[in-house]
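Overview (structure and organization)
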Amino acid sequence: MSSSDIFIGETIGTAVLILLGCGVVAGVVLKQSKSFGAGWLAITFGWGFAVLTGAYISAPLSGAHLNPAVTLGLAISGGTEWGDVPIYFLGQITGAIIGAVLVWLAYVGHFHAHLTDRSIVGGPGAQDTKAADAAQAGDAGPVLGIFSTGPEIRNTVQNLVTEIIATAVLVLAILTQGLNGEGKGLGVIGVLITALVVVGIGLSLGGPTGYAINPVRDLGPRIVHALLPLPNKGGSDWGYAWIPVVGPLLGGALAGGIYEIAFA
């Protein structure tokens, strides 16, 4: 795989992943969406289908890592050249930012309606809104959960450990499936199995933190949330932002080490 193939494949695949993944959350969260209130099952299966679609699209070009934790695990286990790792990372964060912007474009009217609904943001003046208070404190605003993850109980150690465990399960599942005939990522069935693993992780381990399990899945959209001209959007919770980056990277490295010891 050439550097351009890796970058283009990871950019497109990760953009589709974030578009469909954050898109299902937007549909569930935004009050005037037809899928408003569809619940956690819709979100977990939506993210699984997002992984499936993004991976199938990008696999012929880059092997469909779509996740720095996966790239790191593959590098440690010998499945990816270390020299290619920065290219993978760059394509992944670029795609994540593009995907988050596309979610905003697809739901722009719904974002405005949601964030000007006084039952959501409070009122009557912007200075009195719940979102304004959140922004002042730097905490999560009312639509940050569409873009990024956050804990239900804020406990640094637990939140970090949850992300490490969940990501290790994902990356270990990927590593133990092996590569396709060309040595370029998972085979056709492997991509499907990985998507189902993501659904399983969401159902089993997603409750505490929202299961980022992917540094750019959280960081890229969080950057977009911070920059978008959304009224009453509140804060981007940068105090928590390091956990869904560091936790998945540690989980990916752990999985790579386990694979080398137990399976290689």
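Everything below is about the structure shown above.
So, here's what we can say about the structure. Note that the structure is predicted; figures quoted are calculated from it, not measured. (Residues numbered from 1 in each chain as written. Predicted model: local features only at pLDDT ≥ 70, side-chain atom pairs only at ≥ 80, totals over all residues. Heavy atoms only, no water.)

1. Quick notes on the overall build of the protein
To be explicit about the condition: Numbering of helices and strands runs from the N terminus; a helix is a DSSP stretch of H or I covering at least four residues, while a strand is a stretch of E covering at least two. For this measure, only C-alpha atoms enter the radius of gyration; the expected value for a globule follows 2.2 Å times N^0.38, where N is the number of residues.
When helices and strands are tallied, the protein shows 12 helices and zero strands. Secondary structure elements in the protein, listed N-terminal to C-terminal, are α-α-α-α-α-α-α-α-α-α-α-α. What you see for the protein is a C-alpha radius of gyration of 18 Å, in line with the 18 Å of a compact globule of 264 residues. In terms of principal-axis extent, the alpha carbons of the protein reach across some 60 × 35 × 30 Å.

2. Observations concerning helix α11 (residues 215–227)
For clarity, the cut-off: In this analysis, the expected span of each helix is defined as 1.5 Å times one less than the number of residues it contains. Three labels apply to residues, based on accessible area from a 1.4 Å probe with only protein chains included: buried if under 20% of the type maximum, exposed if over 50%, partly exposed otherwise in between. By definition in these notes, contact holds between two residues if any of their heavy atoms fall within 4.5 Å. Definition of a polar contact: a pair of N or O atoms within 3.5 Å, with one able to donate and the other able to accept a hydrogen when the atoms are protein atoms, and with sequence-neighbouring residues admitted only if both atoms are side-chain atoms.
Helix length check: α11, at 13 residues, gives a terminal C-alpha distance of 19 Å against a target of 18 Å (1.5 Å per residue), a fit within 8%. Among the residues of α11, Pro-215, Val-216, Arg-217, Asp-218, Gly-220, Pro-221, Arg-222, Val-224 and His-225 are the ones counted as buried. For α11, the secondary structure elements touched by its buried residues are α1 (3–29), α2 (40–62), α3 (68–77), α4 (85–106), α8 (144–147) and α12 (243–262). Residue Asn-214 occupies the N-cap position of α11, its side-chain oxygen lying 3.2 Å from the main-chain nitrogen of Val-216.

3. As for the environment of Gly-54
Locating Gly-54 in the fold gives a position in helix α2. With relative accessibility at 0%, the residue Gly-54 sits in the buried group. Taking C-alpha positions, Gly-54 is 10.0 Å from Gly-21, a pair spaced 33 residues apart along the chain.

4. Here's the deal with the packing of aromatic side chains
The line we're drawing: The pairing test for Phe, Tyr and Trp rings, Trp by its six-membered ring, is centres within 6.5 Å, and the orientation test on the planes gives stacked under 30 degrees, edge-to-face over 60, and tilted for anything in between.
Evaluation of the coordinates by the stated rule reveals four aromatic pairs. Plain terms: the ring middles of Trp-40 and Tyr-211 are 5.8 Å apart, the flat faces sit at 70° to each other, and that makes the pair edge-to-face. One end of the pair, Trp-40, is in helix α2; the other, Tyr-211, is in the loop between α10 (188–205) and α11, with 171 residues separating them in the sequence. Residue Tyr-211 is classed as buried on the basis of its relative accessible area of 5%. Judged by centre distance (5.8 Å) and plane angle (20°), the rings of Tyr-259 and Phe-263 are stacked. Overall, Phe-263 belongs to the partly exposed group, its relative accessible area being 48%.

5. Points about the nonpolar core
Put simply, the rule is: Only buried Ala, Val, Leu, Ile, Met, Phe, Trp, Tyr and Cys residues count toward a nonpolar core, and they belong to the same one when joined by side-chain atoms within 4.5 Å.
Formed by 48 residues in total, the largest nonpolar core has its most connected members in Trp-47, Phe-111, Ile-146, Phe-147 and Leu-230. Leaving out residues up to four positions away in the same chain, Leu-230 has contacts with Trp-104, Phe-111, Leu-115, Val-143 and Phe-147.

6. Thoughts on the pattern of salt bridges
Definition in use: We define a salt bridge as a side-chain nitrogen of Lys or Arg found within 4 Å of a carboxyl oxygen belonging to Asp or Glu.
What the rule picks out here adds up to three salt bridges. Note that Lys-31 and Asp-117 form a salt bridge whose closest N and O atoms lie 3.2 Å from each other. Remark: Asp-117 occurs in the loop between α5 (108–115) and α6 (118–121) and Lys-31 occurs in the loop between α1 and α2; sequence separation between them is 86 residues. On the basis of relative accessibility, which here comes to 36%, the residue Lys-31 falls in the partly exposed class.

7. Side note on α4
Since there are 3.6 residues in each turn of an α-helix, residues three or four apart along the chain are aligned in direction. Along its 22 residues, α4 runs 31 Å from first to last C-alpha, staying within 8% of the 32 Å computed at 1.5 Å per residue. Turning to α4, its buried residues number three or more, namely Val-85, Tyr-88, Gly-91, Gln-92, Ile-93, Gly-95, Ala-96, Gly-99, Ala-100, Val-103 and Trp-104. Close packing links the buried residues of α4 with α1, α2, α3, α5, α8 and α11.

8. Points about the packing of α3 against helix α9 (residues 156–175)
The following threshold applies: Note on definitions: angles span 0 to 180 degrees between N-to-C directions of axes, and those axes are lines fitted to C-alpha atoms, for helices only across the stretch in contact. Under this scheme an angle from 65 to 115 degrees is roughly perpendicular, one under 35 degrees roughly parallel, and one over 145 degrees roughly antiparallel; angles in between are oblique. Should the near helix be turned anticlockwise from the far one by less than a right angle, the crossing is termed left-handed; should it be turned clockwise, right-handed. Residue polarity follows a fixed list, in which Ala, Val, Leu, Ile, Met, Phe, Trp, Tyr, Cys and Pro are nonpolar, Asp, Glu, Lys and Arg are charged, and the others, Gly among them, are polar.
In contact at an axis separation of 10 Å, α3 and α9 are set at 55° when each is read in the N-to-C sense. The pairing of α3 with α9 is recorded here as oblique in orientation. Here the hand of the crossing between α3 and α9 comes out right-handed. Listed contacts from α9 to Ala-69, Val-70, Gly-73, Leu-74 and Ser-77 of α3 are Thr-167, Val-171, Ile-174 and Leu-175. Taken together, the residues of the contact of α3 with α9 sort by class into six nonpolar, three polar and no charged.

9. Comments concerning the packing of α4 against α11
The relative placement of two packed helices comes down to the angle between their axes together with the axis-to-axis distance. Direction vectors running N to C along α4 and α11 enclose 50°, while the axes themselves pass 8 Å from each other. Judged by the angle between their axes, α4 and α11 are oblique. Handedness of the α4/α11 crossing: right-handed. Residues Gln-92, Ile-93, Ala-96, Ile-97, Ala-100 and Val-101 of α4 form the contact with α11, whose participating residues are Val-216, Leu-219, Gly-220, Pro-221 and Val-224. For the contact of α4 with α11, the residue count by class is nine nonpolar, two polar and no charged.

10. What about a nonpolar patch on the surface?
Operational definition: Each patch is built from salt-bridge-free residues with over 30% relative accessible area, joining like charges within 9 Å and nonpolar side chains (Val, Leu, Ile, Met, Phe, Trp, Tyr) within 5 Å. Calculation of accessible area relied on Shrake-Rupley with a 1.4 Å probe; when residues are assessed, cover is drawn exclusively from the protein chains displayed.
A cluster of nonpolar side chains, Tyr-56, Val-188, Ile-189, Leu-192, Ile-193 and Leu-196, forms an exposed patch at the surface whose accessible area comes to about 560 Å². By residue number, the principal contributor to the nonpolar patch is α10, which donates five residues. For Leu-192, the location among the structural elements is in helix α10.

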